[in-house]
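What the coordinates show
This is what each chain is made of:
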Amino acid sequence: MDIEQNLRSIQQRIEAACVRAGRTPSEVALLAVTKGHPPETVRAAAELGLTLFGENKIQEAKAKIPLCSSRLHWHMIGHLQSNKCRDAVHFFEMIQSIDSLSLAEEVNRRADQGGKTIPVLLEVNAVGEASKFGYPPEAILREISALNALRRIEVQGLMTVPPWTPEPEKVRPIFRMMRGLKERCEEALGAPLPHLSMGMSGDFEVAIEEGSTIVRIGTALLGARTKKPPGGQ
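As a starting point, this report considers the structure included with it. The model shown is predicted, which means the values in this text are computed figures rather than measured ones.

What counts, and where the lines are drawn
- Residues numbered from 1 in each chain as written.
- Predicted model: local features only at pLDDT ≥ 70, side-chain atom pairs only at ≥ 80, totals over all residues.
- Heavy atoms only, no water.
- Salt bridge = Lys/Arg side-chain N within 4 Å of Asp/Glu carboxyl O.
- Helix = DSSP H or I, 4+ residues; strand = E, 2+ residues; numbered from the N terminus.
- Expected span 1.5 Å × (residues − 1).
- Buried < 20%, exposed > 50% of the residue type's maximum accessible area, 1.4 Å probe, protein only.
- Arc of directions from axis to C-beta.
- Contact = heavy atoms within 4.5 Å.
- Polar contact = N/O pair within 3.5 Å; in protein donor to acceptor, adjacent residues only side chain to side chain.
- 1 Å grid on protein atoms, 1.4 Å probe; cavity = no way out; pocket = protein on both sides within 12 Å on 5 of 7 lines; lining within 4 Å.
- Points joined across faces, edges and corners; volume = space filled by probe spheres on them.
- Nonpolar A, V, L, I, M, F, W, Y, C, P; charged D, E, K, R; others polar.
- Phe/Tyr/Trp six-rings, centres within 6.5 Å; stacked < 30°, edge-to-face > 60°.

Some words on the pattern of salt bridges
Tallying each qualifying case throughout the model produces 21 salt bridges. Arg 184 is the partner of Glu 138 in a salt bridge, and the nearest nitrogen-oxygen pair spans 3.3 Å. Residue Glu 138 is found in helix H6 (residues 137-149), and its partner Arg 184 is found in helix H7 (residues 172-189); the two are separated by 46 residues along the sequence. Here Glu 169 makes a salt bridge to Arg 172, at a shortest N to O gap of 2.6 Å. Counted as one network, the salt bridges with shared partners bring together Arg 20, Glu 169, Arg 172, Arg 176, Arg 179, Glu 209 and Glu 210.

Structure, rendered in structure tokens:
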């Protein structure tokens, strides 16, 4: 697997999508999804200049992150259970998967205990898939003020995982809806939200065209998962 070649291709595709959308590539962060990949793969990607990485499981992150450079930045991008919030606050610089007020309150409590303030994104289950976590879109608007009032978390935007499809254009309406939902949240708060985390290996170009600021790419960058994560998850 030639990560350098993959990275070059992805960067070119990001730049082309930005041109089509009238944006600049600096507006879009590339997050490397390292689920199932060993620290050696992380190091290889970091040597190519990547600094932003994402993990889906706390157990895997606890085993992997300490073996990687302290200069890297890690985001929690998978479902977070309340009993794992202490570790999440310790290991990650951002949690992208806040899906309830109660979870946000627990993160806030753990961050307060650690004397930290942690940026978060609110995860949206855009089409109500039973197999996925996340807020129904309208529920976010009902709770955004309460979420924003929590002292030790900083709401910076929204995240979503759309239904998988081999045709990226089919998820364009979801990405467009997410952009509109972010704007509605901004109106409710009276303040800008800088981030929309949306777009993965199969659909990141469409996501960028619709306003994504963070694309989460695993397979297209690092290849197929090389091993099962610790604990068989």
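Regarding helix H1 (residues 3-21)
With 19 residues, H1 extends 27 Å from end C-alpha to end C-alpha; this agrees with the ideal 27 Å at 1.5 Å per step. Those residues of H1 not exposed but buried are Ile 3, Asn 6, Leu 7, Ile 10, Ile 14, Ala 17 and Cys 18. Buried residues of H1 fall within an arc of 105 degrees about the axis and therefore sit on the same side. With respect to the buried face of H1, the exposed residues turned more than 90 degrees away are Val 19 and Arg 20. Summarising the contacts, the buried residues of H1 are in contact with strand E1 (29-33), helix H2 (39-47), helix H8 (204-209), strand E8 (214-217) and helix H9 (219-222). Of the residues that open H1, the one with a side-chain oxygen 3.2 Å from the backbone nitrogen of Glu 4 is Asp 2. One or two steps after H1, the chain reaches Gly 22, where phi turns positive at roughly 70 degrees.

Describing the side chain of Arg 172
Along the chain, the position of Arg 172 falls in helix H7. You can call Arg 172 buried: its relative accessible area is 13%. At a separation of 2.9 Å, a polar atom in the side chain of Arg 172 contacts the side chain of Glu 210. Apart from the residues within four sequence positions on either side, Arg 172 is in contact with Val 206, Glu 209 and Glu 210.

Concerning the layout of surface pockets
Taking a probe equal in size to a water molecule and rolling it over the atoms shows the remaining empty space. The computed volume of the largest pocket comes to approximately 1,000 Å³. If you list the elements that add at least two residues to the lining of the largest pocket, you get helix H3 (58-64), strand E5 (118-124), strand E6 (153-160) and E8. The class makeup of the residues in the lining of the largest pocket is 16 nonpolar, 16 polar and eight charged.

Quick word on the packing of aromatic side chains
Each aromatic ring pair is characterised by the separation of its centres together with the angle its planes make. Within this structure, the stated rule accounts for one aromatic pair. Seen from their ring centres, Phe 53 and Trp 74 are 5.4 Å apart, and the 35 degrees between their planes marks the pair as tilted. Taken as a pair, Phe 53 in strand E2 (residues 52-55) and Trp 74 in strand E3 (residues 73-76) lie far apart in primary sequence, 21 residues in all. This pair shows no difference in class: Phe 53 is buried, exactly as Trp 74 is.

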